[in-house]
Each structure stands twice: as C-alpha cells, then as structure tokens.
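# Examination of the molecular architecture
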Amino acid sequence: MTEQIYSALIAILVGVTAVVVYFWGSNWILDTLISRSSRDNKEVLREKIRPWLFAGPAIFFLTLYLVYPVFETLWLSFHNSDSSAFVGLANYEWLFADREFHQTLQNNLLWLIIVPTLSTVLGLAVAVLADRSKFGTVAKSIVFMPMAISFVGASVIWKFVYHYNGEGDIQIGILNAVIVAFGGEPQFWLSITTWNSVLLMLILVWIQTGFAMVILGAALRGVPEETLEAAIIDGASRRQLFFRITLPQIMPTVIVVWTTIAILVLKVFDIVLAMTNGQWETQVLANLMYDWMFRGAGDFGRGSAIAIIIMISVIPIMAWNIYRFRKDEAGR
Amino acid sequence: MSVSKSKLPGFFNGTALIALVILWLIPTLGLFVSSIRDKDALAASGWWTAFNASTQVTFARTAAPSEQVQTDKGYVLAGQLTSNEGDTYTNIVAFGSTSNTPQEAEPGSQITLKNGDLLQVNADGSYEYLSDEPIKGSRGKRIFFAYAQPAEFTLENYDNVISNGGIGQAFLNTLAVTIPATVIPVLIAAFAAYAFSWMRFAGREWLFAAVIGLLVVPLQTSLVPLLRLYSDLGQMFGFESKGYVGVWMAHTGFGLPLAIYLMRNYMRSLPGDLIESARVDGASHFQVFVRIILPLSIPALASFTIFQFLWVWNDLLVAMVFLGQGEDQIVLTAQLRALLGTRGSNWEVLTSGAFISIILPLVVFFALQRFFVRGLVAGSVKG
C-alpha cells in the first residue's frame, strides 16, 4: 500500500513538473536565444513565436485526442473488424438492417425527449419555488448534490431503490416497498420493457435537474424588475406573470440548458452499463458502441460506425454554437 | 409581489418544494443508512426500519439435562437464554416449540411441546423446561424464539469493502489518475487561454472557433483510434499500452475545450489597459501572464479545476478503455461496476463501496460550490 502511494506521488510530481518545465523552459530559451540582439525585428520575431509556445501544447492535445480521431474513426468505419480491409458502406448497411440497432435508436430517441425535458422543467420549478421559500438555499443544495455523484455511484443508489425480492418476501427496495404498502404487487422493474428504460432515465434526471436549476436560476435573476412591475400594475396574475413575462425572457437559456443535457444524453453509457448492460431492451448507442469495441476480439469497424452516428447527431448543435460565437464576436 | 393574494398558493409552493427535496434526498439517504447497518439486518428489512428495533429469530439450548432438578412439579431445567458466544438474550418477543413456529407464543406463557413436556419463556429471557419424566440426553433442549434487536450501526461493512472488496486500493488508484489529469489540463489551458485572449497571431479567431466546435465532440469518436495508437506505440517502443500516463493525456485532451473556453472568456473580461501598460514597461507576455493574469484568474482556474476533478473522478468510460482492469490500475467507478456484477445482491458491499466512491467529490463539491456554480453559469449561458 505505501509503495503504491509513493509511486502515485512520484507519478503525480513527474507529470506536473514536465508541464511546468516545458512552459518555463521554452519561454526562457526563446528569450535568451533571440534577445541577445536588441534590434526591433528580433523583438517582433520573438512575439510571433511566443503565442505558439503558449497555445502549442493545447493545439497538440486537441488535434491528437479530438480532431484526428474523428477522421480516423470515419476511415475505420469503412473497414472490417480488425481494420485490415476496406468494406465501403458495409458496416452502415449492416447497422441499419440490425434489429438491435433499431431498438437502440428508439431508446436513444426516448432518452433524448424525456431526460432533457423533464430535467429542464423540474429544474425550472425548483429554481422558481426555491426563490420564494425560506429554506430555498438548502433545497437548492440538496437538488444540486447529485451533480457531484458519479453515474456509477448513482446507479448503485438507484439499483437499491428499484431492488426486487421475490413476491411474498420483505421488499428492501423502497419502490417495491411503497407499492406493497399500497396493496400492489412488487415487480422486477429492470426487466419490464420500456418502463425499465424510463427508470434508467430517471437516474439521469435526478442528476441533471440540479444543473438546469442553477443555470435557469441565474437567468431568472437576470430578468429585469421593471418588466415584472409593469405587468403587476397592469393586473397580471402570478401565473400570467410567469408564463407571459418571465418565461419568454429566459427562453434562450432554457434552450441552451435543454441542448446541453441533450448532448450528455447522446453519450450516456455508465448508467446503462451498470444497471442492465443493455439487457431487456435498454440498449443505447454509447453502450452498444462500447459493446462492439470489445465484443469478442473487438469489431472496430462496427464500433466506429456507431461512434460516427453519435458524432453526426451532435453536428447541428456544434454548427449552431460556432455560428453564435462568430455572431457574438462580430458584435464586439 | 402582491401579498394580498390568498396564502394558499404560497403554502402549495412550500409543500411542493419540500416534496421534491425529500424525493431527491431519499435515494442517497437509503444508501448511507444501509452502508452502516449490520449486513444481515440490511438483507432482511428495509433501510427505513433501521432506526426501529428489529426482530431476529434464532434458537438457544437449555442447560444440559445433567443439571435438572427434581421438584414437586416434576423435573425442571431453568436458566437464562444465552447465545453460543455467551451473550444473554433479554428482549424476547415470542417463542415456540419448533423451528417452523418460533413465534407461536407470547413470552410469559407456557406451551406444551410435542413430547408432552412444558416450556415457559419470559420476556427477560429466563426459561423453565418442565417434564414429568427425567430429561434424557447429553445436550440441552433447543428453544426457538424471537427477540428484539435494538437499532445498531456498524462500520464493519466499510472495513470489509476496503480490504476485501478492493475499494481501498481503487481509491488510491483513482487519486493517482485524478490529480495529474486535473492539474495538467488546467496549466495547459491557462496558457492557451491567455494566447487566445491577449496575443496576436495568425488564425486566432479560426482556432478558437474550432475549440468551441470541439466542446461538443463526443469522446466516443476518439476511443478506437486512440486505443489503436496506444497499442501501436506500445509495441513499437516496448511499453505497456494501458497505464496512468495514457489516461492523464486522454483526460487532458478531452477536458481542454471547456477549460480553454471558460478561461478565455474570463481572461477576456480582465482590463486590457493592465496588460498594455505592463507590456509598454518592457514586460514580456510570459511575465505578464505569470505575474498579473494568472493571479487574477484564480476564480476561473478554480471553477475549471473543480469541473475537471469531478469529471475525472467520476469517469468510467475513459478509465475502462485506457487503464488495465487489474488491482494495480482499476479505479473506483470501474471497481464498483465490477462489484455490481459479481456481488450484485450483497448490498452491504455495494452501499459502503459506493459511499466511499462519492464521499470525496461530495466534500469538494459542497466546500467549493460557489466556484462550481460560477463556472457552470459562465460555461452555459454564453455557450
């Protein structure tokens, strides 16, 4: 154990030192090499090189770990399982004919509709209610807390909630215990098609509502007082105030929150792997991809094709983000 | 807002909020309470009953027949119900004649056994075994009964999961993954963010637009190529393709877009005059960055550090792909997932293991919530 701690400490030290040495060293070399002479054009040259020393490592990592792999994955998706032969669109043809893939797409669509919507609505509700409540701060902290919990940890927590003991036995899962207390029959929830997917989605809703609450809460505080006061003077009810004045003003933020959670949903993996591993028709794209990557000797062609499907589904959001950034910058 | 309105909506709002909060808290509470319960009690009753005394069914033996006394009632064996370990039972709630009917009679009453002998067990655990004939045999007679076990909590599950469940080792492995995978991208991103906000170079806008595009690239597209790259490089240079360095670098790559984005937005909001005047005084960009910008950017650095820490600590996918799943490299999330597979119904192992895996992030999260929220808002409202 102590040996392990030492090697971890040394590893940590080496990794961090390497980065510090690079930045300090490369700038020092630049300064000593080129500053010997005081001629102006040397100064210009130096300041032309320095930005690349600053941004260089970031560009290297982004290129190697995010940009290049997208193209490589696209390339691999046109190849066979061990990437030795070009197969054209065969992986995609197989994919679209595969029943499991259809099931998976359906599930992902369901996740995509339910999770972002429910999280956003609940998050907005908590943000509004907490603003008017004495113990609002505590309430917000509690709803926010699952954000710190890993998907696997959350899966253990909820698997215990959904736990099923045979009929007639004492139910130690709280969901079945409540159902039995009201005279219902306990169920092995995770095996009931469609309902089981919804129960998995609730885990992510439980985690993401806090995120929606925080962002929407900030947006609510940004709504100008004057617009609210004017409406109150005109005799608007609380309901009208919220739906006609407040909600339209925070709508852009609502959309941002919805899309942010939607992107997360497209990549959901841990929850499904830990809860059912795709059994009982709960499969989702990210888990299906992982499955193919390591199934048997690993089918890199099919795995890559599934990854490309995920990639394609985020492209519209990506384009929208870049468009908005360029518009913002132009407006400065 | 109008106070004159009926108080009913206000009451309704309060109740709805309380209901939501309770709903949110219950699952985690269940995990925590279960993790400190005795494992038999945990399997036998719901965690919400943990604070009540629970009823346990067991049996004990009377004193050996050699100790029987002859009285005017007959042959009597009397004494106190005691476990094999020598603990006495004191809160008897029921007793019976056979193992199938351990709760047939109230304490203090007398029942007739199959062989015609009489048995009385009192609430305080004293018993009297009565027979007309001399009691035979060498061992004491068995008495079946139920007793109330007062609510009892224990750290035994934690002891067990840390040493036998591999969670202790996994905790250290997770630290070894998380610390460098948090510090390295923070440093790299801080320098890059400065370049993107205050240095002039060709293609700056274009590159930053690319960073924004990369914010949403799913890491699924990176897995297969990197896995192949790592194993090719490993074969070429003769090192193990799965290891800590590879995971640090992967987390660095995946965390950079958000890090650069957050810090660049923050640094852009710092006053430009400050940088200009320092530059005019002859300070290089390196000096300006280290002496002025970095100290001023602490809030943004803190925000991202918390993000990245939580993300890496809680990650399962990257760790499963790029780390070995043996004892020396497996992280908490992967270990927990393995336990879900192999010890799926041993809730004492799962609950205590899960709690260990979530405790550090929870502490960091609650201690630094302010920074976390600030970063979250900065990262979303604009992006």
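Now for a look at the structure at hand. It should be emphasised that the depicted structure is a prediction, and the values quoted were computed from it without experimental measurement.

Cut-offs and rules
Residues numbered from 1 in each chain as written. Chains lettered and ligands numbered in written order. Predicted model: local features only at pLDDT ≥ 70, side-chain atom pairs only at ≥ 80, totals over all residues. Heavy atoms only, no water. Helix = DSSP H or I, 4+ residues; strand = E, 2+ residues; numbered from the N terminus. Rg over C-alpha atoms; globule rule 2.2 N^0.38 Å. Buried < 20%, exposed > 50% of the residue type's maximum accessible area, 1.4 Å probe, protein only. Contact = heavy atoms within 4.5 Å. Areas by Shrake-Rupley, 256 points an atom, 1.4 Å probe, with all protein chains shown as cover. Lys, Arg positive; Asp, Glu negative; His and termini not counted. Charge placed at Lys NZ, Arg CZ, Asp CG, Glu CD. Pairing = 2+ DSSP bridges. Axes fitted to C-alpha atoms, helices over the stretch in contact; angles between N-to-C directions. Buried area = accessible area lost by both parts, 1.4 Å probe. Salt bridge = Lys/Arg side-chain N within 4 Å of Asp/Glu carboxyl O. Polar contact = N/O pair within 3.5 Å; in protein donor to acceptor, adjacent residues only side chain to side chain. Nonpolar A, V, L, I, M, F, W, Y, C, P; charged D, E, K, R; others polar. Core = buried A, V, L, I, M, F, W, Y, C linked by side-chain atoms within 4.5 Å. Parallel < 35°, antiparallel > 145°, perpendicular 65-115°, else oblique. Patch = residues over 30% accessible without salt bridge, like charges linked within 9 Å, V, L, I, M, F, W, Y side chains within 5 Å.

Turning our eyes to something else, we now look at the overall build of chain B. Tallying secondary structure elements over chain B gives 14 helices and 8 strands in all. Relative to the 2.2 N^0.38 estimate, which gives 21 Å for 383 residues, the radius of gyration of chain B is 33 Å and therefore markedly larger than a compact globule would have. Taking the principal axes of its C-alpha atoms as reference, chain B extends roughly 115 × 75 × 35 Å. A buried classification covers 52% of the 383 residues belonging to chain B. Pairs at least 24 residues apart make up 70% of the contacts formed inside chain B by residues separated by at least 6 positions. Carbon and sulfur atoms provide 58% of the accessible area of chain B, an area that totals close to 17,300 Å². Across chain B, the 24 positively charged side chains and the 26 negatively charged ones have centroids separated by 16 Å.

A word on the sheet that holds strand β3 (residues 74-80) of chain B. All names here are of chain B. Judged by pairing direction, the sheet is antiparallel, and its 5 strands sit side by side in the order β2-β3-β7-β6-β5 without closing on themselves. A single partner strand is all that each edge strand has here, and the edge strands are β2 (69-71) and β5 (110-112). Geometrically, the sheet is characterised by an average inter-axis angle of 25 degrees between neighbouring strands, direction not taken into account. Pairing analysis gives 6 bridges linking β3 to strand β7 (residues 126-131), with the strands arranged antiparallel. Bridge assignment links Val76 to a residue of β7, and that residue is Leu130.

Attention now moves to the pairing of β3 of chain B. All names here are of chain B. Of the strand pairs in this sheet, β2 and β3 are connected by 3 bridges, and their pairing is antiparallel. Looking at β3, one finds that Gln70 is bridged to Tyr75. Linkage of β2 to β3, two consecutive antiparallel strands, is achieved through a turn of 2 residues.

What follows covers the interface of chain A and chain B. In this complex, chain A contributes 109 residues to the contact, which on the side of chain B involves 112 residues. Note on chain A versus chain B: buried area summed over both sides is about 9,900 Å², and carbon and sulfur give 79% of it. In terms of surface lost to chain B, no three residues of chain A exceed Phe54, Tyr65 and Phe160 of chain A, which account for 8% of the buried area on that side. Linking chain A with chain B are 1 salt bridge. Here Arg228 of chain B and Glu72 of chain A are joined by a salt bridge, their closest N and O atoms 3.9 Å apart. Taken together, the connections running from chain A to chain B amount to 10 residue pairs in polar contact (both at pLDDT 80 or more). Counting residues per element, the side of chain A that touches chain B draws most heavily on helix α2 (residues 40-76) of chain A, at 22 residues. Tallied by class, residues from the side of chain A that touches chain B come to 77 nonpolar, 17 polar and 15 charged.

We now examine the environment of Ile162 of chain B. Residue and element names in this part refer to chain B. Along the chain, Ile162 turns up in helix α3 (residues 156-163). Sequence separation between Ile162 and Gly30 is 132 residues, and the spatial gap between their C-alpha atoms is 20 Å. Beyond its immediate chain neighbours, meaning those up to four positions away, Ile162 contacts Ile167, Gly168 and Ile356.

One finds Trp111 of chain A together with Tyr194, Ile260, Met263, Phe322, Phe372 and Leu376 of chain B to be the most contacted residues of the largest nonpolar core, which totals 203 residues. If sequence neighbours within four positions are ignored, Tyr194 of chain B has contacts with Phe54 of chain A together with Met199, Met267, Ile275, His285, Val288, Phe289 and Ile293 of chain B.

Residue and element names in this part refer to chain B. Where helix α4 (residues 167-198) contacts helix α9 (residues 285-296), the axes come no closer than 11 Å and their chain directions differ by 105 degrees. When the interaxial angle is binned, α4 and α9 end up roughly perpendicular. On α9, the residues touching Ala190, Phe191, Tyr194 and Trp198 of α4 are His285, Phe286, Val288, Phe289, Ile293 and Leu294. For the contact of α4 with α9, a count of residues per class yields 9 nonpolar, 1 polar and no charged.

We now examine a nonpolar patch on the surface. Residues Ile5, Tyr6, Leu9, Ile10 and Val14 of chain A make up a contiguous nonpolar surface patch of roughly 510 Å² in combined accessible area. Topologically, Ile5 of chain A is positioned in helix α1 (residues 2-35).

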